[in-house]
Amino acid sequence: MTKEELMRRAIVLSVNSVKTGGGPFGAVIAKDGEIIAEASNSVTLDNDPTAHAEVNCIRKATKKLATFDLAGCEIYTSCEPCPMCLGAIYWAHLDRIYYGNDRKDAAKIGFDDNFIYEEIAIDPKHRHRPMQPLLGKEALEAFKLWEKSDTKTEY
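Definitions and limits used
- Residues numbered from 1 in each chain as written.
- Predicted model: local features only at pLDDT ≥ 70, side-chain atom pairs only at ≥ 80, totals over all residues.
- Heavy atoms only, no water.
- 1 Å grid on protein atoms, 1.4 Å probe; cavity = no way out; pocket = protein on both sides within 12 Å on 5 of 7 lines; lining within 4 Å.
- Points joined across faces, edges and corners; volume = space filled by probe spheres on them.
- Nonpolar A, V, L, I, M, F, W, Y, C, P; charged D, E, K, R; others polar.
- Salt bridge = Lys/Arg side-chain N within 4 Å of Asp/Glu carboxyl O.
- Helix = DSSP H or I, 4+ residues; strand = E, 2+ residues; numbered from the N terminus.
- Buried < 20%, exposed > 50% of the residue type's maximum accessible area, 1.4 Å probe, protein only.
- Core = buried A, V, L, I, M, F, W, Y, C linked by side-chain atoms within 4.5 Å.
- Contact = heavy atoms within 4.5 Å.
- Pairing = 2+ DSSP bridges.
- Axes fitted to C-alpha atoms, helices over the stretch in contact; angles between N-to-C directions.
- Right-handed = clockwise from strand over helix to strand, strands pointing away.
- Expected span 1.5 Å × (residues − 1).
- Bend = angle between axes of the 7 residues up to and from the residue.
- Lys, Arg positive; Asp, Glu negative; His and termini not counted.

K.L.:
Can you explain the layout of surface pockets? Please cite residues and give values.
P.N.:
Considered as a void within the structure, the largest pocket measures approximately 230 Å³ in volume. For the lining of the largest pocket, the residue count by class is 8 nonpolar, 4 polar and 3 charged.

If you want it as structure tokens, here you go:
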């Protein structure tokens, strides 16, 4: 499939999602022009604030390919990814992101992620949600075990 066909599929998923009670977002992950996974937003359907189209699609693709590393794949999403989805895309090592609407288009219909983009750059002590370190020395135990492990799978 061409890039345009893959994006059109993501757009169809976004439209169908609205018609079935989900949010107006769709995503497709493809490798060499072949669809590996597709999904739409199901936040309200699943009562899961992380069930964005991109995250749902990544979950399906990693399950299908039996790997957490989606290098060699591309994502086509009906809208510019929010900060959470952008992070997930980077963690999944997707090679390229294609998007339809941008975040300004999303903000016009009530999906304004700019606040979160701005929060990321602020020192944790000054963010709108209180954040404070707690039991840091105890929490380091897992990091020490990870660092010394000969059987870990790095990602």
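K.L.:
Help me get a handle on the pattern of salt bridges, residues and values and all.
P.N.:
Under the criterion given, the structure shown has 2 salt bridges. One salt bridge in this structure joins Arg 103 and Glu 80, with 3.3 Å as the shortest N-O distance. Here the residue Arg 103 occupies a position in helix α5 (residues 103-108), and Glu 80 occupies one in the loop between β3 (74-79) and α4 (83-91), the gap between them amounting to 23 residues. With a relative accessible area of 17%, Glu 80 lands in the buried category.

K.L.:
An account of the nonpolar core is needed here, citing residue identities and associated values.
P.N.:
Core analysis: the biggest nonpolar cluster contains 18 residues, and Ile 29, Cys 57, Ile 58, Ala 61, Leu 70, Ile 75 and Leu 94 have the highest contact counts within it. Elements that contribute at least two residues to this core include exactly β1 (26-31), β2 (34-40), α3 (53-65) and β3. Take this core: its biggest share by element is 4 residues, from α3. Not counting chain neighbours up to four residues away, the residues in contact with Ile 58 comprise Ile 29, Leu 70, Ala 88, Ile 89, Ala 92 and Leu 94.

K.L.:
Account for the sheet that holds β2, with residues named and values stated.
P.N.:
Sheet architecture is open: 4 strands sit in the order β2-β1-β3-β4, paired in mixed fashion. Both edges of this open sheet fall to β2 and β4 (96-101), since each of them pairs with a single strand only. Strand-to-strand twist in this sheet, taken as the mean axis angle between neighbours without regard to direction, amounts to 15°. In this sheet, β2 lies alongside β1 in antiparallel orientation, the contact comprising 6 bridges. Counterpart to Ala 27 in the pairing with β2 is Ala 39.

K.L.:
Tell me what's going on with the pairing of β1, and back it up with residues and numbers.
P.N.:
Within β1, 5 of the 6 residues are buried, which leaves the element mostly enclosed by the surrounding structure. Linking two consecutive strands that pair antiparallel, namely β1 and β2, is a turn of 2 residues; a positive phi of about 50° is found at Asp 32 within it.

K.L.:
Give a detailed account of the pairing of β4, specifying residues and quantitative values.
P.N.:
Relative to β4, β3 runs parallel, the two sharing 5 bridges. Bridged to Glu 74 within β4 is Arg 96. Remark: the β3/α4/β4 crossover connection has right-handed handedness.

K.L.:
Go over helix α7 (residues 136-148), please, and point to the residues and values.
P.N.:
The end-to-end C-alpha distance of α7 is 19 Å, a good match for the 18 Å that 13 residues give at a rise of 1.5 Å each. The principal kink in α7, of about 25°, is found at Ala 142.

K.L.:
Can you lay out the side chain of Glu 119 for me, pointing to particular residues and giving the numbers?
P.N.:
Within the secondary structure, Glu 119 is located in helix α6 (residues 114-121). Of the buried charged residues, Glu 119 lacks a salt bridge, with Arg 127 as the closest side chain of opposite charge at 4.9 Å. Contact partners of Glu 119, with chain neighbours within four places excluded, come to Arg 127, His 128 and Arg 129.

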